[in-house]
Amino acid sequence: MNSIWSVKETENDGNVQFKKPSTVSEQVDFTLMMMNMSDTSAVDLFNAAAEGSTLSVDQPLLPTRQNVEEISAYMEDQINDAFKRAGISTDEAVTFTVGSDGSLKVTGDRDDIGEIQELFENNTDLSDKMKTFIGLASEMPKFERAIEFQIKYENADSKKEIDALLKEYADLFDGKEHYDSTFAFDSGKMDIETTFTA
């Protein structure tokens, strides 16, 4: 089956050779790299998604690690700028969640938490971007695990291997949520922690 290939440039004459990645990890990395090749930046696609539109059906914003890291840095700049303009300190942590009603909730052990919640409520653009970012980044661990499963499935040589993979990755197919991500903004930086429950 082995259908995932990488491109490697030879050192001597500059000609391109095709070399099959030797490990699942290399195949995953290559697949994610190919998914990140786009004429449009991740931030541009993200802003279009946050506004409720897409630039192109051919260029979806995928929850790859690279995209999440680029957008995380962008959101750091956006939040730092909003806090600075409002005279709010970035020294103490705040945590973001999206409520069941789709609203952005801001919590934290600080005296001005109400002021920060109000800042996001009064800035729908920033709030929408934060909710879109949370949605995208929350999908990243499951997305990466699904890519890993797909590659291992393609490489499987027997029904026994396939059955073992279906058992190992059963969480992808049971319709339950197995990832819990926490989104914090602390000392001017975004911090995402994700826990997996089998």
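My aim in this report is to walk through the structure given alongside it, one point at a time. Treat the numbers as computed from the prediction; the structure is a model and nothing was measured.

### Section: the pattern of salt bridges
Any two side chains of opposite charge can pair if their charged atoms end up close together.
No. 1: A complete count under the given rule lists eleven salt bridges for this structure.
No. 2: In this structure, Asp 112 engages Arg 110 in a salt bridge whose closest nitrogen and oxygen atoms are separated by 2.6 Å. The residues Asp 112 and Arg 110 share a single accessibility class, namely buried.
No. 3: Residues Asp 171 and Arg 145 are paired through a salt bridge, measuring 2.8 Å at the closest nitrogen-oxygen approach. Of the two residues, Asp 171 is situated in the loop between helix 6 (159-168) and strand 5 (179-186) and Arg 145 in helix 5 (residues 124-155); the sequence distance between them amounts to 26 residues. Grouping residues by exposure puts Asp 171 and Arg 145 together as buried.

### As for the packing of aromatic side chains
No. 1: One pass over the structure, following the stated rule, counts eight aromatic pairs.
No. 2: Consider the rings of Phe 46 and Tyr 74, whose centres lie 6.1 Å apart with planes at 75°: the pair is edge-to-face. Within this pair, whereas Phe 46 is found in helix 2 (residues 42-50), its partner Tyr 74 is found in helix 3 (residues 65-86), the two being separated by 28 residues in sequence.
No. 3: Relative accessible area serves as the criterion here: at 0%, Phe 46 is assigned to the buried category.
No. 4: Taking 5.5 Å as the distance between ring centres and 75° as the angle between the ring planes, the aromatic pair formed by Phe 83 and Phe 185 counts as edge-to-face.

### Some remarks on the environment of Thr 31
No. 1: Along the chain, Thr 31 turns up in helix 1 (residues 24-35).
No. 2: Exposure remark for Thr 31: the relative accessible area of 14% places this residue in the buried category.
No. 3: Along the sequence, Thr 31 and Glu 148 sit 117 residues apart, while their C-alpha atoms lie 9.6 Å from each other.

### Digging into the side chain of Ser 72
No. 1: If you trace the backbone, Ser 72 turns up in helix 3.
No. 2: Aside from chain neighbours lying at most four places away, what touches Ser 72 is Phe 133 and Met 190.

### Details of the nonpolar core
Most often, soluble globular proteins have nonpolar side chains that are buried together.
No. 1: Of all hydrophobic cores here, the largest spans 28 residues; its most connected members are Met 75, Ile 79, Phe 83, Phe 96, Phe 120, Met 130 and Phe 133.
No. 2: Among the elements of the structure, helix 2, helix 3, strand 3 (94-98), strand 4 (104-107), helix 4 (113-122), helix 5 and strand 5 are those that each provide at least two residues to this core.
No. 3: Beyond its immediate sequence surroundings of up to four residues, Phe 120 is in contact with Ile 79, Phe 83, Phe 96, Leu 104, Val 106, Leu 126, Ser 127 and Met 130.

### A closer look at the pairing of strand 6 (residues 189-196)
No. 1: Note that strand 5 and strand 6 share eight bridges and pair antiparallel. Among the inter-strand pairings, Ser 181 is bridged to a residue of strand 6, identified as Thr 194.
No. 2: Count of turn residues in the strand 5/strand 6 antiparallel hairpin: two residues, of which Ser 187 carries a positive phi of about 55°.

Reading the values: rules and limits
- Residues numbered from 1 in each chain as written.
- Predicted model: local features only at pLDDT ≥ 70, side-chain atom pairs only at ≥ 80, totals over all residues.
- Heavy atoms only, no water.
- Salt bridge = Lys/Arg side-chain N within 4 Å of Asp/Glu carboxyl O.
- Buried < 20%, exposed > 50% of the residue type's maximum accessible area, 1.4 Å probe, protein only.
- Helix = DSSP H or I, 4+ residues; strand = E, 2+ residues; numbered from the N terminus.
- Phe/Tyr/Trp six-rings, centres within 6.5 Å; stacked < 30°, edge-to-face > 60°.
- Contact = heavy atoms within 4.5 Å.
- Core = buried A, V, L, I, M, F, W, Y, C linked by side-chain atoms within 4.5 Å.
- Pairing = 2+ DSSP bridges.

None of the figures reported here should be taken as evidence of function without further support.
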